[in-house]
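# Tertiary structure, described
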Amino acid sequence: MARVMLVLGDKYDVQRLREEGLKRLHSWYAKDIDKWDERDHEFFSGNTDYLDAARIACTLDDSDLHAAALYECCGISSDALVSGPNALRPQDLIRVFDFIKAMPQLLYTLASKL
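Structure report, in brief. Counting from 1, residues in each chain are numbered in the order their sequence is written. pLDDT decides what is reported in this predicted model: residues at 70 or higher carry local features, side-chain atom pairs at 80 or more are listed and counted, and totals for whole chains, interfaces and linings draw on all residues regardless. Only heavy atoms go into the side-chain values, all of them from the structure, while hydrogens and water stay out.

## Quick word on the packing of helix α4 (residues 63–73) against helix α6 (residues 90–112)
In contact at an axis separation of 9 Å, α4 and α6 are set at 65 degrees when each is read in the N-to-C sense. Here α4 runs over α6; the crossing is right-handed. For the pair α4 and α6, contact is made by H66, A67, L70, Y71 and C73 and by D92, R95, V96 and F99, respectively. Amino acids outside the nonpolar list (Ala, Val, Leu, Ile, Met, Phe, Trp, Tyr, Cys, Pro) and the charged list (Asp, Glu, Lys, Arg) are all regarded as polar, and Gly is one of them. Looking at the contact of α4 with α6, its residues break down into six nonpolar, one polar and two charged. Only the stretch in contact is used when a helix axis is fitted, and all axes are lines through C-alpha atoms; the angle between N-to-C directions ranges over 0 to 180 degrees. Numbering of helices and strands starts at the N terminus; helices are DSSP runs of H or I of at least 4 residues and strands are runs of E of at least 2. Crossings are classed by handedness, with left-handed meaning an anticlockwise turn of the near helix from the far one by less than a right angle and right-handed meaning a clockwise turn. Residues are treated as being in contact if the distance between any of their heavy atoms lies within 4.5 Å.

## Here we look at the side chain of H66
Here H66 shows up in helix α4. Here R95 takes part through its side chain, which lies 3.4 Å from a polar atom of the side chain of H66. If we skip the residues at most four places from it in the chain, H66 touches A54, A57, C58, R89, D92 and R95. Whenever two N or O atoms come within 3.5 Å, that pair is a polar contact, provided that in protein one can donate a hydrogen and the other can accept it, and provided that, for residues adjacent in sequence, both atoms are side-chain atoms.

## Details of unusual backbone geometry
A positive phi angle is found at D13, which is not glycine, with a value near 55 degrees. Its place among the elements puts D13 in the loop between α1 (2–11) and α2 (15–28). A positive phi angle is found at D61, which is not glycine, with a value near 60 degrees. Residue position: D61 is located in the loop between α3 (47–59) and α4.

## Observations concerning a nonpolar patch on the surface
Residues forming no salt bridge and having over 30% relative accessible area are the ones grouped into patches, like charges within 9 Å of each other and nonpolar side chains (Val, Leu, Ile, Met, Phe, Trp, Tyr) within 5 Å. Note that accessible areas follow from Shrake-Rupley with a 1.4 Å probe, and for residues the cover is restricted to the protein chains shown. What counts as a salt bridge is simple: a side-chain nitrogen of Lys or Arg found within 4 Å of a carboxyl oxygen of Asp or Glu. Among the surface-exposed residues, M1, V4, L8, Y12 and V14 lie close enough to one another that they form a single nonpolar patch of about 470 Å² accessible area. Relative to the elements of secondary structure, V4 occurs in helix α1. By relative accessible area, which is 36% here, V4 ends up partly exposed. Exposure categories follow from relative accessible area, calculated using a 1.4 Å probe and restricted to protein chains: below 20% of the type maximum is buried, above 50% is exposed, and the middle band is partly exposed.

## Points about the packing of aromatic side chains
Pairs were defined over the aromatic rings of Phe, Tyr and Trp, the Trp ring being its six-membered one, requiring ring centres within 6.5 Å. Orientation was assigned from the angle between planes: stacked under 30 degrees, edge-to-face over 60, tilted for the rest. By the definition in use, this model includes one aromatic pair. Ring geometry for Y71 and F99: centres 5.5 Å apart, planes at 80 degrees, overall edge-to-face. Here F99 lies in helix α6 and Y71 lies in helix α4, a separation of 28 residues in the sequence. Relative accessible area serves as the criterion here: at 40%, Y71 is assigned to the partly exposed category. On the basis of relative accessible area, F99 is assigned to the partly exposed category, the value being 28%.

## Considering α6
Counted at 1.5 Å a residue, the expected span for α6 with its 23 residues is 33 Å, and the 34 Å between its end C-alpha atoms agrees. Where α6 is concerned, the buried positions are D92, L93 and V96. Elements that come into contact with the buried residues of α6 comprise α4 and α5 (78–82). To estimate the expected span of a helix, subtract one from its residue number and multiply by 1.5 Å.

## A word on the environment of A54
Looking at the element boundaries, A54 is found in helix α3. Distance from A54 to C73, taken between C-alpha atoms, is 8.2 Å for residues 19 residues apart in sequence. Residues within four places of A54 in sequence aside, it is in contact with H66, A69, L70, C73 and L88.

## Let's talk about the state of the cysteines
The term disulfide is used for any two cysteine sulfur atoms that are within 2.5 Å. Evaluation of the coordinates by the stated rule reveals zero disulfides. Cysteine C73 remains unbridged, with the sulfur of C74 as its closest cysteine sulfur at 7.4 Å. Its relative accessible area of 16% is what places C74 among the buried residues.

Below, the structure is given as C-alpha cells:
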C-alpha cells in the first residue's frame, strides 16, 4: 500500500499521498529496533514488497530506510533477489550478500556479550 501511495503521489503530484506513503514506510522500518516486534505483519504481503521498499528507499535517497529494507531482503531466496522484474540492483545485492556472510560473526559477538 505504501508503494502505491508513493507512486500515485509522485505521478499525480499529490504531496499528501506521498507523505502518507513515506510515513507508512518509516513506521514499518522504525529506527528503534524494539518497535520492529510491534509491526503489523499484514502491512507487507511478501518478498515483492520488501524488494519494492528497497528500490523506493534508494530512489528517495533515504539511507536509513534503504539499509533497513535491504536487511529485510536477507531472508529472501537468492533466486528472488537476482531474477525477475523485482530483482535488486547489483550494488544492493552485494550489500545483502555481504551482510548475510557477516551475520554468523555478528551473532557470535552479540551472544558473547550476554
